[in-house]
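# Survey of secondary and tertiary structure
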Amino acid sequence: MKRNRLFFWLKVCLIGAALCGLAACGWLLPEVGEAVVAAYPEFSSWFWPWLIFLWCAAVPCFGILACGWRMVSQMARGRVFTRENAALLRWVSRLAAFAGGFLLAGNLVLFLLSMSHPSIVLALLVGSFACGAVALAVEALARFWQEAARLQEENALTI
């Protein structure tokens, strides 16, 4: 019973994260952008390029949440150390790496088009580095998970 509650709360957390992401993309980012444009009208031409860039940067994050949902669903059925979960972790790693690379490349493009400020470039460099660090850590976890799945399969065949 307690095990089922754990997976229930993990799914609640994933739903909460998705709702926060949707609220940020659908309400917070446009509101902040409009406030910046109201305070600094010279940045009005930056509004849509930045909003579209940030919306595109959010897509891999929702992919990561989908992978997390599938993993939690598998674990709720008692299938923890499986090759499928290891593959999902690899997808999380790839998506995090892609998000970091996309942040870096998009930010540099916007900077070269004179649509960004050096402080924003530095802030998103930190974000890109964080995405890369997460990708690396999750890839290591995926390899450990794969090995655990192999050992579990091997152990299941032993009498």
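Provided above is the structure to which this section pertains.
Residues numbered from 1 in each chain as written. Predicted model: local features only at pLDDT ≥ 70, side-chain atom pairs only at ≥ 80, totals over all residues. Heavy atoms only, no water.

### Let's talk about the packing of helix H3 (residues 83-112) against helix H4 (residues 118-156)
To describe two helices that pack against each other, one gives the angle between their axes and the distance between the axes. To keep it simple, the criterion reads: With axes taken as lines fitted to C-alpha atoms, and helix axes fitted only over the stretch in contact, angles between N-to-C directions fall between 0 and 180 degrees. Comment: elements are numbered from the N terminus, with helices defined as DSSP H or I runs of at least four residues and strands as E runs of at least two. These descriptions rest on fixed angle ranges, namely under 35 degrees for roughly parallel, over 145 for roughly antiparallel, 65 to 115 for roughly perpendicular, and the rest for oblique. A crossing counts as left-handed when the near helix is turned anticlockwise from the far one by less than a right angle, and as right-handed when that turn is clockwise. Three residue categories are used. Nonpolar comprises Ala, Val, Leu, Ile, Met, Phe, Trp, Tyr, Cys and Pro, charged comprises Asp, Glu, Lys and Arg, and polar comprises the others, including Gly.
At a minimum axis separation of 7 Å, H3 and H4 run at an interaxial angle of 165 degrees. Taken together, H3 and H4 sit at an angle that is classed as roughly antiparallel. Crossing of H3 over H4 shows left-handed handedness. Class assignment of the residues belonging to the contact of H3 with H4 gives a composition of 23 nonpolar, seven polar and six charged.

### Section: the environment of Leu141
As for its placement among the helices and strands, Leu141 is situated in helix H4. Considered as a pair, Leu141 and Arg90 are 51 residues apart in the sequence and their alpha carbons are 8.7 Å apart.

### Concerning unusual backbone geometry
Unusually for a residue other than glycine, Ser114 sits at a positive phi of about 60 degrees. Along the polypeptide, Ser114 turns up in the loop between H3 and H4.

### Brief notes about the nonpolar core
Inclusion rule: The definition of a nonpolar core used throughout is a set of buried Ala, Val, Leu, Ile, Met, Phe, Trp, Tyr and Cys residues joined through side-chain atoms within 4.5 Å. Throughout, exposure labels follow a simple rule: accessible area from a 1.4 Å probe, protein chains only, divided by the maximum for the residue type, with under 20% read as buried, over 50% as exposed, and the rest as partly exposed. Any two residues whose heavy atoms approach within 4.5 Å are treated as being in contact.
In this structure, Cys67, Met71, Val72, Met75, Leu89 and Trp145 are the most contacted members of the largest nonpolar core, which totals 15 residues. Those elements giving two or more residues to this core turn out to be helix H1 (2-39), helix H2 (47-76), H3 and H4. Leave out the neighbours within four places in its chain, and Leu89 touches Met71, Val138, Leu141, Ala142 and Trp145. Core analysis: the next-biggest nonpolar cluster, separate from the first, contains nine residues, Trp50, Ala99, Leu110 and Met115 among them.

### Some details on the side chain of Thr82
Going by this rule: The term polar contact refers here to a pair of N or O atoms within 3.5 Å; inside protein, the definition further demands a hydrogen-donor-capable atom paired with an acceptor-capable atom, and it admits residues adjacent in sequence only when both atoms are side-chain atoms.
Counting through the fold element by element, Thr82 comes out in the loop between H2 and H3. Given a relative accessible area of 11%, Thr82 falls into the buried group. Reaching out from Thr82, the side chain makes a polar contact with the backbone nitrogen of Asn85 at a distance of 3.1 Å.

### Here's the deal with the packing of aromatic side chains
What counts here: Note on aromatic contacts: the rings of Phe and Tyr and the six-membered ring of Trp form a pair at centre separations within 6.5 Å, being stacked when their planes are under 30 degrees apart, edge-to-face when over 60 apart, and tilted otherwise.
Inspection of every chain in the model, using the stated rule, returns nine aromatic pairs. Judged by centre distance (5.1 Å) and plane angle (75 degrees), the ring pair of Phe8 and Trp9 falls under edge-to-face. With a centroid separation of 4.4 Å and 25 degrees between ring planes, the pair formed by Phe43 and Trp46 is classed as stacked. Looking at Phe43, the relative accessible area reads 26%, which means it is partly exposed. Among the aromatic residues, ring-to-ring pairing joins Trp50, Phe53, Phe98 and Phe102 into one connected group.

### Looking at the side chain of Asn85
Among the structural elements, Asn85 can be located in helix H3. Here Asn85 falls in the buried class, since its relative accessible area comes to 0%. Those residues in contact with Asn85 that lie beyond four places of it in its chain are Met71, Gln74, Met75, Arg79, Val80 and Trp145.

### Describing the packing of H2 against H3
The contact between H2 and H3 brings their axes to 10 Å, and the two run at 170 degrees. In terms of orientation, H2 and H3 fall into the roughly antiparallel class. Across the contact of H2 with H3, the residue classes tally to 21 nonpolar, five polar and two charged.

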